[in-house]
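# Geometric and topological summary
Here is what each chain is made of, one letter per residue.
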Amino acid sequence: MTAAPHQPEAESDEGPRWRRRPEERPEEILSAALEVFGEIGFANATLDAVARKAGVCKGTLYLYFDSKDALFREMLRSKCGAALALAEERLDGFRGTAGEALEFFIRCMWDEVRRPEMVRIARLVHAELGRFPELARFHFSEVIVRSRRLVARILDRGVAEGEFRPTAHGFAVRAIPAFLVQGAMSQRGFGQYDPDAITDDQLVEGVIDLVRHGVLARPAAPAGGKE
């Protein structure tokens, strides 16, 4: 008797899907969640829509995430947390001056925040934070505070070594990540309409120039005179 031909795995109503290993599914679900949340917003998104996008049945999705909130939080941890963990690892192994470390961090962070999926997350969070304060608070603590701590590590070292000066109210710690995130959103949004548009490389060079000169220690004023 001839054996029936092997059929690929089918987990949704949209038709056959390729056979996937179970360990791949969480990441596929998180990527699908980002697409769905980014396209229609958190409020309008449903777990059914995410499951369809990921090509799994809703029951499979529930094996990994028991609510839309849990899915959103894990998406942020997976996408943003991984980028920050990589930046922390690179900084731990970096050898150079505080100024060189600051430039290195800016370039590393820019490479991450300008990626389309990271821009989509930034837009999503800004669009939804007013309606979902708990999720906004989670993003702030998991992403924004963590990125500020990375910048603070570098700036504090530079101040201690006399290379940098303290900035008013710790503004540089807040400003540097914001420059990069807002720059990425602008490049991917309004950049196409800008008659004097700059490239991504020009943008990051501008941020580095502005930041490095803005935090440099000032020469001491001569005795009896003004700086």
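Residues numbered from 1 in each chain as written. Predicted model: local features only at pLDDT ≥ 70, side-chain atom pairs only at ≥ 80, totals over all residues. Heavy atoms only, no water.

Ring pairs (aromatic) are described by centroid distance and by the angle formed between their planes. Across all of its chains, the model carries 6 aromatic pairs by this definition. Judged by centre distance (6.4 Å) and plane angle (45°), the ring pair of Tyr64 and Phe65 falls under tilted. Taking the relative accessible area as the measure of exposure, Phe65 reaches 7% and is therefore buried. We note Lys68 situated over the ring of Phe42; from NZ or CZ to the ring centre the distance is 4.6 Å. (Phe/Tyr/Trp six-rings, centres within 6.5 Å; stacked < 30°, edge-to-face > 60°. Buried < 20%, exposed > 50% of the residue type's maximum accessible area, 1.4 Å probe, protein only. Lys NZ or Arg CZ within 6 Å of the ring centre and 35° of its normal.)

For the rest of this paragraph, the subject is the packing of helix H1 (residues 25-44) against helix H2 (residues 47-54). One can describe the packing of H1 onto H2 by two numbers: an axis separation of 8 Å at closest approach and a directional angle of 125°. Taken together, the axes of H1 and H2 are oblique relative to one another. In this structure, H1 crosses over H2, and the sense of that crossing is right-handed. In contact with Glu28, Ile29, Ala32, Ala33, Glu35, Val36 and Glu39 of H1, H2 contributes Ala49, Val50, Lys53 and Ala54. Residue composition of the contact of H1 with H2, by class: 7 nonpolar, no polar and 4 charged. (Axes fitted to C-alpha atoms, helices over the stretch in contact; angles between N-to-C directions. Helix = DSSP H or I, 4+ residues; strand = E, 2+ residues; numbered from the N terminus. Parallel < 35°, antiparallel > 145°, perpendicular 65-115°, else oblique. Left-handed = near helix turned anticlockwise from the far one by under 90°. Contact = heavy atoms within 4.5 Å. Nonpolar A, V, L, I, M, F, W, Y, C, P; charged D, E, K, R; others polar.)

Turning next to the confidence of the model for the protein chain. Chain-level pLDDT for the protein chain is 86 on average; 86% of the residues reach the 70-or-more range. Here residues 1-20 scores under 50 on pLDDT; set against residues more than four positions off or in separate chains, the count is 32 contacts. (pLDDT = per-residue confidence, 0-100.)

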